[in-house]
Amino acid sequence: MDEETVTTELTAVVARAERNVVHDGGPFAAVVVLPDGRRFEGVNQVVPTSDPTAHAEVVAIRRACAATGSVALEGAVVYASCEPCPMCVAAALWARVDAVYYAADRHDAARAGFDDAAFHDYFTDPGRRELLPVVRQPVPAATRPFLAWQDKADRTPY
């Protein structure tokens, strides 16, 4: 991606994030741009929807996937007003987007009261796992859903 395009896209998405604040949303915005040029915007809707997953990047990815009828967005690029949190990075990975570009970073967000450093640290510092214990407890039927999936002839892989 050429630097001028990235700068133009990020400037626009930062302006959209600023407008979202005026409309009682969070100061975050994103856009997914598909290879054919279609664009799907998302703004932070966490508080208005009472949905902690309604981050701008996730909203934009959901819209793009719904419009394309696919869970895979190969060739797409996400432009975000701020560095994506681990959930948003995971959503971009699951959607198979090609790249994510962002303007402000997590430290800029922290200075405004959006400190997700603990979430970033959760994946890099084993000592931070006390934040949310994730514990495997095997049960005899644990793999049966996967066997059913493998036996399903008309499954849609993702």
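Cut-offs applied
Residues numbered from 1 in each chain as written. Predicted model: local features only at pLDDT ≥ 70, side-chain atom pairs only at ≥ 80, totals over all residues. Heavy atoms only, no water. UniProt positions renumbered as here; feature names shortened; annotations may be inferred. Helix = DSSP H or I, 4+ residues; strand = E, 2+ residues; numbered from the N terminus. Pairing = 2+ DSSP bridges. Axes fitted to C-alpha atoms, helices over the stretch in contact; angles between N-to-C directions. Contact = heavy atoms within 4.5 Å. Buried < 20%, exposed > 50% of the residue type's maximum accessible area, 1.4 Å probe, protein only. Core = buried A, V, L, I, M, F, W, Y, C linked by side-chain atoms within 4.5 Å. Salt bridge = Lys/Arg side-chain N within 4 Å of Asp/Glu carboxyl O. Lys, Arg positive; Asp, Glu negative; His and termini not counted. Expected span 1.5 Å × (residues − 1).

Draft legend 1. Molecular detail of the UniProt feature "domain: CMP/dCMP-type deaminase" (unreviewed entry) in the protein chain. Mapped onto the present numbering, the UniProt feature "domain: CMP/dCMP-type deaminase" (unreviewed entry) falls on residues 4-117. Note that residues 4-117 is 46% helix and 19% strand, and that its end C-alpha atoms are spaced 30 Å apart.

Draft legend 2. Structural detail: the sheet that holds strand β4 (residues 99-104). One open sheet holds the 4 strands; their spatial order is β2-β1-β3-β4, and the pairing between them is mixed. Of all the strands in the sheet, just β2 (39-43) and β4 have a single pairing partner and so form its edges. Across this sheet, the average inter-strand angle for adjacent strands is 15°, counted without regard to direction. The pairing of strand β1 (residues 29-33) with β2 spans 5 bridges and is antiparallel. Note that in β2 the partner of Val-32 across the bridge is Phe-40. Packed onto the sheet, helix α3 (residues 56-68) meets β1, β2 and β3 (77-82) and runs at close to 145° relative to β2.

Draft legend 3. Quick look at the side chain of Glu-9. Among the structural elements, Glu-9 can be located in helix α1 (residues 3-22). The class of Glu-9 is buried, set by a relative accessible area of 13%. In this view, Glu-9 contacts Val-31, Val-33, Arg-39 and Tyr-79; residues no more than four positions away in its chain are not counted.

Draft legend 4. Seen up close, the nonpolar core. The biggest cluster of nonpolar side chains holds 23 residues, and the ones touching the most others in it are Val-32, Leu-34, Ile-61, Leu-73, Ala-76 and Val-97. Elements with a minimum of two residues in this core: β1, α3, β3 and α4 (86-94). The element contributing the most residues to this core is α3, with 6 residues. When residues no more than four places from it in sequence are discounted, the contact partners of Leu-34 are Phe-40, Thr-68, Leu-73 and Ala-76.

Draft legend 5. Representation of the pattern of salt bridges in the model. Enumeration over the complete set of coordinates arrives at 8 salt bridges. The salt bridge partner of Arg-16 is Glu-41, with a shortest N-O separation of 3.5 Å. With Arg-16 in helix α1 and Glu-41 in strand β2, the pair connects residues that are 25 residues apart, well separated along the chain. Residue Glu-41 is classed as partly exposed on the basis of its relative accessible area, which comes to 39%.

Draft legend 6. Molecular detail of the side chain of Glu-57. Looking at the secondary structure, you find Glu-57 in helix α3. Salt bridges are absent for the buried Glu-57, whose nearest opposite-charge side chain, Arg-62, sits at 11 Å. Once you skip the residues sitting within four places of it in the chain, Glu-57 turns out to touch Ala-30, Val-78, Ala-80, Cys-82, Pro-84 and Cys-88.

Draft legend 7. Quick peek at α3. Here α3 spans 18 Å end to end across 13 residues, near enough to the 18 Å set by a 1.5 Å rise per residue. Buried within α3 we find Ala-56, Glu-57, Val-58, Val-59, Ala-60, Ile-61, Ala-64 and Cys-65. In this structure, the buried side of α3 is in contact with β1, β2, β3 and α4. Of the residues flanking the end of α3, it is Gly-69, one or two places downstream, whose phi is positive at about 70°.

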